[in-house]
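Observations on the model geometry
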Amino acid sequence: GDSVTQMEGPVTLSEEAFLTINCTYTATGYPSLFWYVQYPGEGLQLLLKATKADDKGSNKGFEATYRKETTSFHLEKGSVQVSDSAVYFCALQSYGNKLVFGAGTILRVKS
Amino acid sequence: DTAVSQTPKYLVTQMGNDKSIKCEQNLGHDTMYWYKQDSKKFLKIMFSYNNKELIINETVPNRFSPKSPDKAHLNLHINSLELGDSAVYFCASTQHRTGQDPYFGPGTRLTVL
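Below is a summary of the structure that appears in this document. Small disclaimer: the values here were computed from a predicted structure and weren't measured.

What follows concerns the pattern of salt bridges. This structure, assessed with the given rule, holds eight salt bridges over all chains. Between Glu63 of chain A and Lys56 of chain A there is a salt bridge, with its nearest N and O atoms 3.6 Å apart. Of the charged contacts, one joins Asp84 of chain A and Lys77 of chain A as a salt bridge, the two residues approaching to 2.8 Å between their closest N and O atoms. The pair Asp84 of chain A / Lys77 of chain A is uniform in exposure class, with both members buried. Ionic contacts of the salt-bridge type, sharing partners, join the residues Lys98 of chain A together with Lys44 and Glu58 of chain B into one network.

And the structure:
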């Protein structure tokens, strides 16, 4: 079945450091891909998405490119802030429009 | 206006009790979902309803019974609660076949003592 694999956390960075969170997927066809963010004590917010190969999703300084050849959708940000501390989930859209999530990666940014 | 709302936000109860969580969306979507997030933050689909019909049931114990009285509501009833049911339950909605992004509710934190 469809699955998503994310790098394990927690990832701890200093403010203004470069962020990469790896995400790879296994799926039939070419599903839409998403990054969701969950701030402490809150629900899930859509951060960005890409619907086809070579699409780049971007939002709030975060970017991810849909790479069909490597089945990847890595999340990047050039300069993280303390306020970016959260759990980040990579997901793909499977049959019935359900989302299949990765295990989540905790990001901690220190000032 | 809240797009997807859930009640209650927190629910603390004893083992063996029966409880319900409610979800409502005002987006006009035709498909709604329940997801469970366990203590390790892992998120997994439980159920999906499209136009009040069950379309996804991911091997969830039959103590869990979803009910969709109309397209805008999807409730989750849990019988004989167990310790392992403690989790955050998220409702979500989308419009089928349009490529719309799924919208998530704020979650209901269930604690079974």
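Additional details are given in the paragraphs that follow.
Once that is clear, we can look at the state of the cysteines. Applying the stated criterion to the full structure yields two disulfides over all chains. Disulfide pairing places Cys23 of chain A opposite Cys90 of chain A at an S-S distance of 1.9 Å. On the sign convention where negative means left-handed, the S-S torsion of about -70° between Cys23 of chain A and Cys90 of chain A marks this disulfide as left-handed. Remark: Cys90 of chain A occurs in strand 10 (residues 86-93) and Cys23 of chain A occurs in strand 4 (residues 23-26); sequence separation between them is 67 residues. We note that Cys23 of chain A, like Cys90 of chain A, is buried. Residue Cys23 of chain B pairs covalently with Cys91 of chain B via a disulfide, S to S 1.9 Å. Measuring handedness by torsion sign, the sulfur bridge of Cys23 of chain B and Cys91 of chain B sits at about -80° and is left-handed. Pair noted here: Cys23 of chain B is in strand 3 (residues 19-25) and Cys91 of chain B is in strand 9 (residues 87-94), with a separation of 68 residues, a long-range link. Neither residue differs from the other here; Cys23 of chain B and Cys91 of chain B are each classed as buried.

Across the junction of Gly9 of chain A and Pro10 of chain A, the peptide omega takes the value 0°, indicating a cis bond. By secondary structure assignment, the location of Pro10 of chain A is in the loop between strand 1 (3-6) and strand 2 (11-14). Of note, the amide linkage connecting Thr7 of chain B to Pro8 of chain B takes the cis form, showing an omega dihedral of -5°. Relative to the assigned elements, Pro8 of chain B resides in the loop between strand 1 (4-7) and strand 2 (10-13). Not every positive phi belongs to a glycine, and Lys60 of chain A is a case in point at roughly 55°. Among the secondary structure elements, Lys60 of chain A is positioned in the loop between strand 7 (56-59) and strand 8 (62-65). Positive phi, normally seen in glycine, also occurs at Ser80 of chain B, with a value near 45°. When its relative accessible area of 38% is taken as the criterion, Ser80 of chain B is described as partly exposed.

Membership of the largest hydrophobic core comes to 27 residues, with the highest contact counts inside it found for Leu19, Trp35, Leu47, Leu48, Phe73, Leu75 and Tyr88 of chain A. Taken together, the elements giving at least two residues each to this core come down to strand 2, strand 3 (19-21), strand 4, strand 5 (33-38), strand 6 (44-50), strand 8, strand 10 and strand 12 (105-110) of chain A. A total of four residues in this core trace back to one element, the largest contributor, which is strand 10 of chain A. Ignoring any residue separated from it by four or fewer positions in sequence, one finds Leu19 of chain A in contact with Val11, Leu13, Phe62, Leu75, Glu76, Lys77, Val80 and Leu107 of chain A. By size, the runner-up hydrophobic cluster in this structure holds 20 residues, among which are Leu11, Ile21, Leu76 and Cys91 of chain B.

Criteria and thresholds
Residues numbered from 1 in each chain as written. Chains lettered and ligands numbered in written order. Predicted model: local features only at pLDDT ≥ 70, side-chain atom pairs only at ≥ 80, totals over all residues. Heavy atoms only, no water. Salt bridge = Lys/Arg side-chain N within 4 Å of Asp/Glu carboxyl O. Buried < 20%, exposed > 50% of the residue type's maximum accessible area, 1.4 Å probe, protein only. Disulfide = S-S within 2.5 Å. Helix = DSSP H or I, 4+ residues; strand = E, 2+ residues; numbered from the N terminus. Core = buried A, V, L, I, M, F, W, Y, C linked by side-chain atoms within 4.5 Å. Contact = heavy atoms within 4.5 Å.

Coordinates in, geometry out; function isn't part of it.
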